Amino acid sequence: MNKIDLHGLTHNEAEIRAEDFVLNQSQDELFGCKIITGNSNEMISRITEMLDRQGFSWYIPSWNLGEIVV
């Protein structure tokens, strides 16, 4: 499963890169990917809102709250 790590990016940069990454990954209809956000509530909120806008299914695993699985 491919992943992107957003550590060290501003919230705006992270949202843009995550959106580009997920849209690119979704070209394969059987895709799955991980977005590493860290534990920033604002970052998680912005990324999950973007995923909802784009119509992706996602979840945050209970064992790693700094990761979103799409």
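Residues numbered from 1 in each chain as written. Predicted model: local features only at pLDDT ≥ 70, side-chain atom pairs only at ≥ 80, totals over all residues. Heavy atoms only, no water.

### Details of the overall build of the protein
As a reminder, the rule being used: Put simply, DSSP H or I for four residues or longer makes a helix, DSSP E for two residues or longer makes a strand, and each gets a number counted from the N terminus. Residue burial is assigned from relative accessible area. The probe radius is 1.4 Å, only protein chains are included, and a residue is buried under 20% of its type maximum, exposed over 50%, and partly exposed in between. Pairs of residues are marked as contacts when any of their non-hydrogen atoms sit within 4.5 Å. To be clear on the numbers: accessible area is Shrake-Rupley with a 1.4 Å probe, and residue cover counts the displayed protein chains and nothing else. The charged-residue count follows a simple rule in which Lys and Arg add positive charge and Asp and Glu add negative charge, with His and chain termini not counted at all. Taken as the charge centre is NZ of Lys, CZ of Arg, CG of Asp or CD of Glu, depending on the residue.
Helix and strand content of the protein: two helices and three strands. C-alpha extents for the protein along the principal axes are approximately 30 × 25 × 20 Å. Residues classed as buried in the protein amount to 39% of the 70 residues present. Excluding contacts between residues fewer than 6 apart, the proportion of contacts in the protein whose partners are at least 24 apart in sequence is 59%. With the model as given, the accessible surface of the protein reaches about 4,400 Å², and the carbon-plus-sulfur share is 46%. Measuring between centres, the 5 positive side-chain charges of the protein sit 5 Å from its 11 negative side-chain charges.

### Observations regarding the nonpolar core
Convention followed: We call a set of buried residues a nonpolar core when its members are Ala, Val, Leu, Ile, Met, Phe, Trp, Tyr or Cys and they connect through side-chain atoms within 4.5 Å of each other.
Within the largest apolar cluster, 16 residues are counted, with the highest numbers of intra-cluster contacts made by Leu6, Val22, Ile35, Ile47, Leu51 and Val70. When contributions to this core are tallied by element, the ones reaching two or more residues are α1 (11–25), β2 (33–36) and α2 (41–54). Each residue touching Val22, except ones within four places of it in the same chain, is listed here: Phe31, Cys33, Ile35, Leu51, Phe56 and Val70.

### Regarding α1
Here is the rule we go by: Working rule for helices: expected span equals 1.5 Å times residues minus one. Throughout, the arc means that of the directions going from the helix axis to the C-beta atoms.
The first and last C-alpha atoms of α1 sit 21 Å apart over 15 residues, in line with the 21 Å expected at 1.5 Å per residue. Buried within α1 we find Ala14, Glu15, Ala18, Phe21, Val22 and Gln25. Around the axis of α1, the buried residues are gathered within 135° of arc, so they sit on the same side. Exposed residues pointing more than 90 degrees away from the buried face of α1 are listed as Ile16 and Asn24. Summarising the contacts, the buried residues of α1 are in contact with β1 (2–5), β2 and α2.

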